[in-house]
Amino acid sequence: MKKAIFTLMAVAIAVAAQAQQFQNGTTAANLGIGLGTALGGLGKARPAISLSVDHGMWDIGGPGVISLGGYIGNTGYKYTSGTYTYKWNYTIVGVRGAYHYNGFTNVPKLDVYGGAMLGYNIAKYSSDGDAAAYANSYGSGLGFTGFVGGRWFFTNKIGAYAELGYGVSVLNAGVTYKF
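Residues numbered from 1 in each chain as written. Predicted model: local features only at pLDDT ≥ 70, side-chain atom pairs only at ≥ 80, totals over all residues. Heavy atoms only, no water.

(A) Inspection of the overall build of the chain at higher detail. Secondary structure assignment for the chain yields one helix and eight strands. When the helices and strands of the chain are listed from N to C terminus, the series reads α-β-β-β-β-β-β-β-β. A total of 179 residues make up the chain; the buried ones form 35% of that total. The long-range fraction of contacts in the chain, counting pairs at least 24 apart against all pairs at least 6 apart in sequence, stands at 61%. As displayed, the chain offers around 9,900 Å² of accessible surface, 69% of which is attributable to carbon and sulfur atoms. (Helix = DSSP H or I, 4+ residues; strand = E, 2+ residues; numbered from the N terminus. Buried < 20%, exposed > 50% of the residue type's maximum accessible area, 1.4 Å probe, protein only. Contact = heavy atoms within 4.5 Å. Areas by Shrake-Rupley, 256 points an atom, 1.4 Å probe, with all protein chains shown as cover.)

Given below as structure tokens:
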């Protein structure tokens, strides 16, 4: 039993030693599920899903890297009342930039970042019945938002992430892949 624990610890240390912080030239993709939203809708919500990508572009003075990337997310609602069904669908597409803090040199598997996104919210509403005349894209438009997040890499390429900020949801969490 002691030999198995020792071997497991040695493998974990070897994997951790290979992990590197987010650097100039690094690209990371996040695929997540969201919790909570500021987007309107009644009834049953479809889970918010999002995909974001960050690419390290510039080393800057101090321990950090600036990244540029993109974001796409989608969520929706469906509400039924009597014989009528109402549907809301939201897709946000955006361009984002972030500062990745690399000052935690004793924790190389951690990537802590914060940034801003310029996005376009594509909002669609539809219904059947007598309210069908009101089907439109109300609420679509440009928006500017901030976010903070963190990634923890289990291996040199695969990890988990969590992000707090406005997108299709207030909190996104999921898997991240670094390449």
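(B) Just the environment of Thr155, in detail. Checked against the element boundaries, Thr155 lands in the loop between β6 (141–153) and β7 (158–165). Look at Thr155 and you get partly exposed, because its relative accessible area is 34%. It is 9.7 Å that separates the C-alpha atoms of Thr155 and Tyr177, two residues lying 22 residues apart in sequence. There is a polar contact of 3.0 Å between the side chain of Thr155 and the backbone nitrogen of Ile158. (Polar contact = N/O pair within 3.5 Å; in protein donor to acceptor, adjacent residues only side chain to side chain.)

(C) Seen up close, the sheet that holds strand β1 (residues 27–35). Strand order in the closed barrel formed by eight strands is β1-β2-β3-β4-β5-β6-β7-β8, with antiparallel pairing between adjacent strands. If you compare each strand with its neighbour and ignore which way they point, the axes differ by 25° on average. Inspection of the sheet shows strand β2 (residues 44–60) paired to strand β3 (residues 64–81) by 14 bridges, in the antiparallel sense. When the bridges of β3 are listed, His55 appears paired with Leu68. (Pairing = 2+ DSSP bridges. Axes fitted to C-alpha atoms, helices over the stretch in contact; angles between N-to-C directions.)

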